[in-house]
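The chain contents come next:
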Protein chains: 2
Amino acid sequence: MGSRAFIAAAVSSALLLLALGLPNPAAAAPHLPWAAQSLRLSSLPSRAPAPAVGLSYETHYLVQQVDHFGFDVNLTFKQRYLITDQYWKNNNGAILFYTGNEGDITWFCKNTGFMWDVAEELKAMLVFAEHRYYGESLPFGNLSFSDSKHLNYLTSEQALADFAVLIEYLKKTIPGAKNSPVIAIGGSYGGMLAAWFRMKYPHIVIGALAASAPIWQFTDLVSCGKFFEIVTNDFKKSGSKCSETIQSSWKAIDRLTSTGEGLQWISEVFHLCNPLRSQIDAIMLKSWLAETWVNLAMVDYPYSSDFLMPLPAWPIKEVCKYLTDPSASDKILVQNIFRAVNIYYNYSGEASCLNTSQTATSNLGIQGWNYQACTEMVMPICTTGISDMFEPQEWDFAAYSEQCFQEWGVRPRPSWIPTVFGGKNISSHSNIIFSNGALDPWYAGGVNENITDTLVSIVIPDGAHHLDLCARNADDPESVLLARTMEVDYMKKWITQFQGHR
Amino acid sequence: MGSRAFIAAAVSSALLLLALGLPNPAAAAPHLPWAAQSLRLSSLPSRAPAPAVGLSYETHYLVQQVDHFGFDVNLTFKQRYLITDQYWKNNNGAILFYTGNEGDITWFCKNTGFMWDVAEELKAMLVFAEHRYYGESLPFGNLSFSDSKHLNYLTSEQALADFAVLIEYLKKTIPGAKNSPVIAIGGSYGGMLAAWFRMKYPHIVIGALAASAPIWQFTDLVSCGKFFEIVTNDFKKSGSKCSETIQSSWKAIDRLTSTGEGLQWISEVFHLCNPLRSQIDAIMLKSWLAETWVNLAMVDYPYSSDFLMPLPAWPIKEVCKYLTDPSASDKILVQNIFRAVNIYYNYSGEASCLNTSQTATSNLGIQGWNYQACTEMVMPICTTGISDMFEPQEWDFAAYSEQCFQEWGVRPRPSWIPTVFGGKNISSHSNIIFSNGALDPWYAGGVNENITDTLVSIVIPDGAHHLDLCARNADDPESVLLARTMEVDYMKKWITQFQGHR
């Protein structure tokens, strides 16, 4: 069975946003490499073969209100969703509903092997619903991202309302589905949506599997430093002196890039497609490196996998083989850093140069997520340089907000998500599984202890970013097999309870 | 102890909307007296003396987002709220939070005697929050009702978000309130909001008392005919031949108003401020009469009370004293009808003429509620003329929608409220008391059986519209005393549970 999709965080600083072609001038905050981070809970593209069970589905579209929460804009758009009933017991059998996140839904569909793997056992229909403003589900077509007016309907609440309306429509129109129990499943931001969907629409979904969902990575709920501490620990335990070598690299890069000659030398060593020309470019290089380490932490999977570039099993271990000497000279150290990142970007050896403007897949809606990070999804992240291997950077909300305003004309509202979704005070809800891999930086913002009997945590010690949603693999560690078994057991229990109450 | 506020439904047909000064031409649907009803869960003004406990409160304003669910409109407005801590135990003692409905909050504050009566026993702070677009809490000042663009933020979801933000603000800023348990209390539409608030924000309120809250008076949830059947039954049991006499009156009015002479005669009999001039005026008269019977059913209280005009105890019984002969001649019958409604409009004998354009208090935001009825609050009502004493009128959504579009430029979305708030499928929630008076027409759309151990129904057989929220009165029937005792017991239990969990 093939490997599957992976999801990686990309830390997009002001500079990275520029690099990604967004309008904000890097010069606005050249001294703030993390200042206006737009963290993406993003995913990397997979070229994994389809799971053995096959991926036959139908594509449909439902006409949805652009604005569920207001009546002045009475426009509609077409939401895409994918559906398969090949394993479904059409007498009110279960429906597994993927709450689509920030990307093309066909990509999530192909890369959530878990749902395909369990469909037969649960006799379940599978539905994958695309999130508005991603993939083909664009409320205003090409104009969707043109300005803050057109972007105004890109919120998690609107997305949840789309899901609710879609499920009611399916139950009404599919013969035999009227009383089907529906379970929400999602990973990463999709996992947040799955959990929130159960919280806000418990009449529509009987439970939710929220995989690697950092629902607490919001202001004042968790320490902003935990995220990069986890990244650091992943490197620390994957090779002797590994994290120390990365820690030493920042100053080495600073020293080397302080001269024109050094900029040129580094550009050559890194085989950069676009050579460094200034200090700002050097800051950008460091952001790109940091983002690479984060991505590696997210996809530190136990088997060889095939994403942006093919990766070996336990890639951080491979990377760390080059990162053993923090005391090497600046040039040797930087050459070793290159060898390390080259595993991530060029394991196949096919890349002719490295592009510091790209770290993630084009299947993801980068614009959309950046807007969301600038409005609702304010997830504070910081580094100390002491408990982590990165350059110290405080969380600077004022700079973040300013960046967002310049870029999108909107101001983030950091307290809104905790207000509307409950922050840490969610114990009155029920039937949510929060699964988190301990290797995953997003574990920092996850729910990692049982809250009640029915709000349960599953921690996967050997897991990176939602490994449990990946398709079965011969090299799966025991811990993820156990997690999946528990998840299926919970779902069966919810279904039995639901059917008992009817 | 004084009597208190009363709330009465006003059935605003197309014609009544015209009469109320709204722009829609009556001529658009002269044959449809109930066709485009905008039911108001409205309230009548009270001149009741303040309850014995006194009504000392402070008035404050909180800056709120005009749009909680979008970021393009980053405007704010001032929400008014009233607060008193004279009975509060300021070491995390309870807060009773009135979820303001469609009117001036000072009026609800004065007329929710129950909260004042129990404040001492519960050692509670009282907060009364004004609903946006009512009273002084106008998002765009005088322009708030100018068009559908300015009205766009008048929804129940926005109002609930205001309440959530306000409570978080109070807990953050009032010393000793940080861990206070908050209980939502409301009546009528305010009761719907209280219930929905607990459903959507259980992390903010530990429970809700939803008094006379017709949360099921929505499409496909209850029979549309039940509402007027209850009105009819109230008259049927309050006097021999009473409902039959009203039933006979419609055709009598038709026959009399078929001539110019008859129109003039009726105008004189009814002492109308504005004489009838056409068939349309006659239809309007009938709507006004129907609305009067509805209002009487809502305020059929056991003691004399003081609202639009002072009313005797059990006013329907008084009214029915004039309505004993359905077989009388048309003229006698209509004269008796006048005597009956005159009790409602002129018990004090001070009115020099009757105005068919007015049935309810100016404390209510009629414009606001009409807009809400034309967007989210679509509450189907119909009559058969068989199981009720009214002229038959089907529920005609198409006409309703057209009426709304002409009036406000918006289309109602009748399925949205059940989708977002769960319709009848609400059993996964907890800690909500649904109280309903069996005499109240809105009982038809209420929750009148326990759903679970913690979603409980209290039916008050002798109660009209949320009698339980009224101040204590010597003539209170046993059933309402029992209801209030149970309500306080539930609240104490929630508070104890909450404190036990902390």
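Only a predicted model underlies this, so the values are computations on that prediction, with no experimental measurement involved.

Undergrad: Account for the state of the cysteines, naming residues and giving values.
TA: Residue and element names in this part refer to chain B. Per the counting criterion, the structure on display carries eight disulfides over all chains. Paired through a disulfide, Cys 224 and Cys 382 show a sulfur-sulfur distance of 2.0 Å. With the S-S bond torsion at 90 degrees, the cross-link from Cys 224 to Cys 382 turns out right-handed. Of the two residues, Cys 224 is situated in the loop between strand 10 (207–211) and helix 6 (226–236) and Cys 382 in the loop between helix 12 (366–373) and helix 13 (397–408); the sequence distance between them amounts to 158 residues. Taking the relative accessible area as the measure of exposure, Cys 224 reaches 22% and is therefore partly exposed. By relative accessible area, which is 9% here, Cys 382 ends up buried. Residue pairing for Cys 374: its cysteine sulfur links by disulfide to Cys 404, the two sulfurs lying 2.1 Å apart. Taking the sign of the torsion about the S-S bond as the criterion, the disulfide between Cys 374 and Cys 404, at about -75 degrees, is left-handed. You can see Cys 374 sitting in the loop between helix 12 and helix 13 and its partner Cys 404 sitting in helix 13, a full 30 residues away along the chain. On the basis of relative accessible area, Cys 374 is assigned to the buried category, the value being 0%. Judged by relative accessible area, which is 1%, Cys 404 ranks as buried.

Undergrad: Outline the packing of aromatic side chains, supporting the account with residue identities and numerical values.
TA: The final tally for this structure, using the stated rule, is 54 aromatic pairs over all chains. Pairing Phe 197 of chain A with Tyr 201 of chain A gives two aromatic rings, centres 5.4 Å apart and planes at 50 degrees, and the pair type is tilted. Accessibility assignment for this pair places Phe 197 of chain A and Tyr 201 of chain A in one class, buried. A connected cluster of aromatic rings, assembled from ring pairs, spans Tyr 98, Trp 107, Phe 108, Trp 116 and Phe 128 of chain A. Looking at Lys 200 of chain A, its charged tip hangs above the ring of Tyr 201 of chain B, at a distance of 4.3 Å from the centre.

Each value, and the rule that gives it
- Residues numbered from 1 in each chain as written.
- Chains lettered and ligands numbered in written order.
- Predicted model: local features only at pLDDT ≥ 70, side-chain atom pairs only at ≥ 80, totals over all residues.
- Heavy atoms only, no water.
- Disulfide = S-S within 2.5 Å.
- Helix = DSSP H or I, 4+ residues; strand = E, 2+ residues; numbered from the N terminus.
- Buried < 20%, exposed > 50% of the residue type's maximum accessible area, 1.4 Å probe, protein only.
- Phe/Tyr/Trp six-rings, centres within 6.5 Å; stacked < 30°, edge-to-face > 60°.
- Lys NZ or Arg CZ within 6 Å of the ring centre and 35° of its normal.

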